[in-house]
Amino acid sequence: GYDFAGVLKWFAERADRIILLFDAHKLDISDEFKSAIQAIRKNEDKIRIVLNKADMMNHQQLMRVYGAMMWSLARILQNPEVSRIYVGSFWNQPLIYEGNRELFEMEQDDLFDDLEALPRFAMVRRLNDLIKRAKAARIHSLIVSYLKSQLPMIGKDAKKKDLIKHLDVVFETVQNQYGVPAADFPDLDVMKEKLRKQDFTKFPNYDKALIAKVDKMLAEDIPRIMSLLPGEEQEKNRMGLGTIKGGVFEKVAMPYGKGIDAGIGEKIWIVTRDKSKYDDIFNTLEQQNGKITGRVARDELVKSKLSNNVLGKIWRLADHDQDGLLDNEEFALAMHLIKVKCEGSQIPEELPAHLIPPSQRKED
């Protein structure tokens, strides 16, 4: 075994971005996932939340799920504001409910823009880490100096146990006395465990001058450094280092649609999903140089019980190279068009670009 929460904290402190992924139809947060979120919640500025597969719900259902998710995460993260939630369908399947397609596309663009801009804000993240460390050092100094000040001349060990037992009261006292936000305090249970191993008499006394230096750094020095960042960002942008480019960050259309539109925006030919089944049928038919004639195709296609007029249109669209024969891809396309028609969709006059057999597509 190992300290799972400790490992997560270590990675979270060094990561540029933390993405928590949820499926819209499976919002239950397990105890393990809850403990993982709690372990990294101090890194709220790095956390982004993705509500995936949201296309499986209509408008009303999605609103309810979004609200429930906000409520659950607010209790776990215990932050005044819940991190940004991106709603969408971040997979390569067609949308089930298309009503929110425009929203999903905008959310996807926003998420990718956020990830692309990570290099641009590298210095800001370093400064945020410095601020967190400074605040942590300040609050630890206030806590340990207060604990030392409470030790009596006699009975130090008993008093130490009592202070640790009522550490929540100590936190509240320090918070009220020095005006420290509650969010700056360390984890109560972790602090208790660490304090049990310490000798309170060796803690430093309260150093007002040192605390004042930290306060001055947070109030004056850090803002002055922040004011210098725009110039650095402009230089990075000029050198082309301001954003991540290429790969998954290339803008592409989101897969969407049903019927004849199913497969738009997908890299994989939609017919491929059932092609192995169509190939099994194709391999049983009489072939000439790997192709079947119109007569052979007709005997198979009429099993769909579609009208001759519809089957004629399907033949014309499937015979994309117009050689009067169908190869295995064209036959699979014909079977796909039959399936689309039998499911209630209309057959178009022209074959859509996303349905053209891969071997017959023109290279860009």
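Read on for a plain summary of the structure. No experiment lies behind these values; they were computed from the predicted model shown.

Procedures and definitions
Residues numbered from 1 in each chain as written. Predicted model: local features only at pLDDT ≥ 70, side-chain atom pairs only at ≥ 80, totals over all residues. Heavy atoms only, no water. 1 Å grid on protein atoms, 1.4 Å probe; cavity = no way out; pocket = protein on both sides within 12 Å on 5 of 7 lines; lining within 4 Å. Points joined across faces, edges and corners; volume = space filled by probe spheres on them. Helix = DSSP H or I, 4+ residues; strand = E, 2+ residues; numbered from the N terminus. Nonpolar A, V, L, I, M, F, W, Y, C, P; charged D, E, K, R; others polar. Phe/Tyr/Trp six-rings, centres within 6.5 Å; stacked < 30°, edge-to-face > 60°. Salt bridge = Lys/Arg side-chain N within 4 Å of Asp/Glu carboxyl O. Buried < 20%, exposed > 50% of the residue type's maximum accessible area, 1.4 Å probe, protein only.

1. Concerning the layout of surface pockets
Here the largest pocket is characterised by a volume of approximately 1600 Å³. What lines the largest pocket is a set of 42 residues, among which Lys-42, Ala-183, Asp-184, Phe-185 and Pro-186 lie closest to the centre. No other element matches helix α5 (residues 122-149), which puts nine residues into the lining of the largest pocket. For the lining of the largest pocket, a count of residues per class yields 16 nonpolar, eight polar and 18 charged.

2. Comments concerning the packing of aromatic side chains
Using the criterion set out here, one finds seven aromatic pairs in the structure. Ring plane angle 40 degrees and centroid distance 5.2 Å describe the contact between Phe-22 and Phe-33, whose orientation is recorded as tilted. Of the two residues, Phe-22 is situated in strand β1 (residues 18-23) and Phe-33 in helix α2 (residues 31-40); the sequence distance between them amounts to eleven residues. Ring geometry for Phe-171 versus Phe-185: centroids 5.0 Å apart, planes at 40 degrees, classification tilted.

3. What about the pattern of salt bridges?
In the structure shown here, the tally under the stated rule is 21 salt bridges. A salt bridge links Lys-216 to Asp-221; the nearest nitrogen and oxygen atoms lie 3.7 Å apart. In this structure Lys-216 comes out as partly exposed when scored by relative accessible area, which is 42%. Classification of Asp-221 as partly exposed rests on a relative accessible area of 21%. Its salt-bridge partner being Lys-339, residue Asp-274 comes within 2.9 Å of it at the nearest N-O pair. Separated by 65 residues along the polypeptide, Asp-274 in helix α11 (residues 272-282) and Lys-339 in helix α14 (residues 328-342) bring together distant segments of the chain. Residues joined in a network through salt bridges with shared partners are Lys-216, Glu-220, Asp-221 and Arg-224.

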